[in-house]
Amino acid sequence: MKLNLINVASKASMVKKVAGVALTATIAMGLVAAPMTASAGDEHYVLISHAPDSDSWWNTVKTAVKDAERDFKVKVDYRNPSTGDLADMARLVQQAAATNPDGIVVSIADFDVLKPAIASAVKKGIPVITINSGSHEQSEALGADFHVGQPEYDAGFGAGKLAKKDGIKNFLCVNHYFTNAASVERCQGFAAGLGVELGGDSQMIDSGQDPTDIAKRVQAYLRKNPNTEAILTLGPASADPTIRLLDKMRLSGKIYFGTFDLSADIATAIEAGTIKWAIDQQPYLQGYLPIMALTLKSRYGIGIPDHVNTGPGFVTKANLAIVKEEAGVHR
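Only a predicted model underlies this, so the values are computations on that prediction, with no experimental measurement involved.

The rules behind these values
Residues numbered from 1 in each chain as written. Predicted model: local features only at pLDDT ≥ 70, side-chain atom pairs only at ≥ 80, totals over all residues. Heavy atoms only, no water. Disulfide = S-S within 2.5 Å. Helix = DSSP H or I, 4+ residues; strand = E, 2+ residues; numbered from the N terminus. 1 Å grid on protein atoms, 1.4 Å probe; cavity = no way out; pocket = protein on both sides within 12 Å on 5 of 7 lines; lining within 4 Å. Points joined across faces, edges and corners; volume = space filled by probe spheres on them. Pairing = 2+ DSSP bridges. Axes fitted to C-alpha atoms, helices over the stretch in contact; angles between N-to-C directions. Contact = heavy atoms within 4.5 Å. Expected span 1.5 Å × (residues − 1). Buried < 20%, exposed > 50% of the residue type's maximum accessible area, 1.4 Å probe, protein only.

A.B. asks: Could you give me a rundown of the state of the cysteines, with the residues and numbers involved?
C.D. replies: Counted according to the given criterion, the structure contains one disulfide. Disulfide pairing places Cys 173 opposite Cys 187 at an S-S distance of 1.9 Å. The sign of the S-S torsion, about -45°, decides the handedness of the disulfide formed by Cys 173 and Cys 187: left-handed. Residue Cys 173 is found in strand S7 (residues 172-175), and its partner Cys 187 is found in helix H7 (residues 181-194); the two are separated by 14 residues along the sequence.

Put into structure tokens, the structure is as follows:
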């Protein structure tokens, strides 16, 4: 059984809906909302992401972690490689395992790079939950309890089908995290949904993460390829500077624009008609659910039965109102 968590609305109702709606009866009604009957065990967890310090998308995950700390009376350390270097990330996993925490939550940014460190933690008996990047199969291969995230290829494929329905035949994928296999899967899925081949640098550029560089590279591509019909960005890091560039080039609303993830700028662009849709993977759940699950396992021996899909969900102008206020905070 796969648990599909789509369209959880706002912070005010987030915790209750995680138990009552998102998790469904399979994970037992009220596990979050009901008071704990056992005393808190002062559990200590470590969440390690692949995000560089400049990636604001992870702020929603950090919000969720803080909420989970408060709700379950636990300690959670958030760690990340400051520049996004995956070798540094692997070292962070090793360092965390050496402290013998009660659980580790980690994104699978690169299976091969992270496998030795994660496998070592599992071998020590430390519960591990994987989130965000990576797949269910990779999570199982690493020996993790389960994976919380969005199937990236499937999300891209669904977006490609939407674009194809709207008549799009070619596109530019602005990949701001080229070394992350999941980001390439997003572009590949989108191409497959359109029914075209992903033609390397002819349709996907390694934009880097500097906003100025992203704008320059997208502008150069559009000038070289003036018949480009659509742009796909993979998150706020690439979407936000692209929004500003299209406005500068007077192409806002004239070129088909879709993106992964949400931010305040993305929400505003959807409202203005610059962006057609944003793929919401609900990062709040990726931060909150693993801490909840580790705590339930520690205190009551309760285990989540299977992987949890937090997306994809599509945010458009039609349903923007319910998420705009929380974009970049809890959505």
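A.B. asks: Mind laying out the layout of surface pockets, listing which residues take part and the relevant values?
C.D. replies: Here the largest pocket defines a volume of roughly 180 Å³. What lines the largest pocket is a set of 13 residues, among which Ser 135, His 136, Glu 137, Pro 151 and Glu 152 lie closest to the centre. Looking at the lining of the largest pocket, the elements with two or more residues in it are helix H5 (136-142), strand S6 (147-149) and helix H6 (152-165). Broken down by element, the lining of the largest pocket gets its largest block of residues, three residues, from H6.

A.B. asks: Residue-level account of the sheet that holds strand S9 (residues 230-233), with values.
C.D. replies: The strand order across the open sheet formed by six strands is S8-S7-S9-S10-S11-S13, and the pairing between neighbours is mixed. Both edges of this open sheet fall to strand S8 (204-206) and strand S13 (313-315), since each of them pairs with a single strand only. The average angle at which neighbouring strand axes cross in this sheet is 20°, direction not considered. Contacts between H6 and the sheet are confined to strand S10 (256-260), strand S11 (277-280) and S13, with S10 contributing the most and set at about 160° to the helix.

A.B. asks: Just give me the short version of helix H11 (residues 283-300), but keep the residues and values in it.
C.D. replies: Taking 1.5 Å of rise per residue, 18 residues should cover 26 Å, and H11 covers 26 Å from first to last C-alpha, within 8% of that figure. The element H11 is extensively covered by neighbouring structure, given that 15 of its 18 residues are classed as buried.

A.B. asks: Tell me about the environment of Val 105, residues and numbers included.
C.D. replies: As for its position among the elements, Val 105 is in strand S4 (residues 103-107). Under the relative-accessibility criterion, Val 105 is labelled buried at 0%. Once residues within four sequence positions are removed from consideration, Val 105 is found in contact with Val 46, Leu 47, Ile 48, Ile 129, Ile 131, Pro 290, Ile 291 and Leu 294.

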